[in-house]
Amino acid sequence: ASADFEVADRAQWILAEAGPEVLPAVRKALESGSPAVRERCARILAWQGDFTSLPLLRHAAGAGQMDSETAKWAIERIKVLIPLSGTTSQTLSSRP
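Calculation criteria
- Residues numbered from 1 in each chain as written.
- Predicted model: local features only at pLDDT ≥ 70, side-chain atom pairs only at ≥ 80, totals over all residues.
- Heavy atoms only, no water.
- Salt bridge = Lys/Arg side-chain N within 4 Å of Asp/Glu carboxyl O.
- Helix = DSSP H or I, 4+ residues; strand = E, 2+ residues; numbered from the N terminus.
- Buried < 20%, exposed > 50% of the residue type's maximum accessible area, 1.4 Å probe, protein only.
- Core = buried A, V, L, I, M, F, W, Y, C linked by side-chain atoms within 4.5 Å.
- Contact = heavy atoms within 4.5 Å.
- Phe/Tyr/Trp six-rings, centres within 6.5 Å; stacked < 30°, edge-to-face > 60°.
- Lys, Arg positive; Asp, Glu negative; His and termini not counted.
- Polar contact = N/O pair within 3.5 Å; in protein donor to acceptor, adjacent residues only side chain to side chain.
- pLDDT = per-residue confidence, 0-100.

## A short note on the pattern of salt bridges
Turning to step 1, where the next piece is worked out: This model, assessed by the stated rule, comprises 5 salt bridges.
Turning to step 2, where the next piece is worked out: Taking the shortest distance from any N to any O, the salt bridge between Lys79 and Glu76 comes out at 3.8 Å. Here the residue Lys79 and the residue Glu76 both occupy positions in helix 5 (residues 68-85), the gap between them amounting to 3 residues, near one helical turn.
Turning to step 3, where the next piece is worked out: In this structure Lys79 comes out as partly exposed when scored by relative accessible area, which is 39%.
Turning to step 4, where the next piece is worked out: The exposure class assigned to Glu76 is partly exposed, which follows from its relative accessible area of 40%.

## A look at the nonpolar core
Turning to step 1, where the next piece is worked out: Counting residues in each nonpolar core, the largest one holds 19 residues, and the members touching the most others are Val26, Leu30, Leu54, Leu57, Met66 and Ile78.
Turning to step 2, where the next piece is worked out: Of all the elements in the fold, those that place two or more residues in this core are helix 2 (23-29), helix 3 (35-47), helix 4 (54-62) and helix 5.
Turning to step 3, where the next piece is worked out: If sequence neighbours within four positions are ignored, Ile78 has contacts with Leu45, Ala46, Gly49, Asp50, Phe51, Ser53, Leu54 and Leu57.

## Quick word on the packing of aromatic side chains
Aromatic rings considered in pairs are described by the distance between their centres and by the relative angle of their planes.
Turning to step 1, where the next piece is worked out: Under the counting rule described, the total for this entry stands at 2 aromatic pairs.
Turning to step 2, where the next piece is worked out: Between the aromatic rings of Trp13 and Trp47, the centroid separation amounts to 4.7 Å while the plane-to-plane angle is 15 degrees, which identifies the pairing as stacked. On the criterion of sequence distance, the pair formed by Trp13 in helix 1 (residues 2-17) and Trp47 in helix 3 is long-range, its members being 34 residues apart.
Turning to step 3, where the next piece is worked out: Residue Trp13 is classed as partly exposed on the basis of its relative accessible area of 45%.

## Structural notes on the side chain of Arg38
Turning to step 1, where the next piece is worked out: Within the secondary structure, Arg38 is located in helix 3.
Turning to step 2, where the next piece is worked out: At 6.9 Å, Glu39 is the nearest oppositely charged side chain to Arg38, a buried residue that forms no salt bridge.
Turning to step 3, where the next piece is worked out: Polar contacts involving the side chain of Arg38 include one to the main-chain carbonyl oxygen of Ser32, which spans 2.5 Å.
Turning to step 4, where the next piece is worked out: Not counting residues up to four positions away in its chain, the partners in contact with Arg38 are Ala29, Leu30, Ser32, Gly33, Gln65 and Met66.

## Comments concerning the confidence of the model for the protein chain
Turning to step 1, where the next piece is worked out: Model confidence for the protein chain is summarised by a mean pLDDT of 85, while 83% of its residues fall at 70 or above.
Turning to step 2, where the next piece is worked out: When the elements of the protein chain are averaged for pLDDT, helix 6 (residues 89-93) gives the smallest value, 42, and helix 2 the largest, 96.
Turning to step 3, where the next piece is worked out: Confidence over residues 88-96 falls short of pLDDT 50; this stretch has 5 contacts with residues more than four positions distant or in other chains.

## Let's talk about the environment of Ala11
Turning to step 1, where the next piece is worked out: Its place among the elements puts Ala11 in helix 1.
Turning to step 2, where the next piece is worked out: Residue class for Ala11 comes out partly exposed when judged on its relative accessible area of 36%.
Turning to step 3, where the next piece is worked out: Sequence separation between Ala11 and Arg40 is 29 residues; the distance between their C-alpha atoms is 9.6 Å.

Spelled out as structure tokens, the structure:
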């Protein structure tokens, strides 16, 4: 079991450090049947500052698909990173 955890940790960090090209697959994995996978995906999206995933994270938290503390942390982290990315609230409000 510890080897699986180590592999999952490594994969999580690789995806967190990867470019935005991995984000569609990570967003899709938020629908995984595994709570552990969904929480890892939330962390990856947060570390990448993926503002596009905010509605998905809010939905997952509201639907009980993810630990609410993890979702709250991910959402807050993304909100903090938005100004650093050059994204404005106007840009966000114009997105579907």
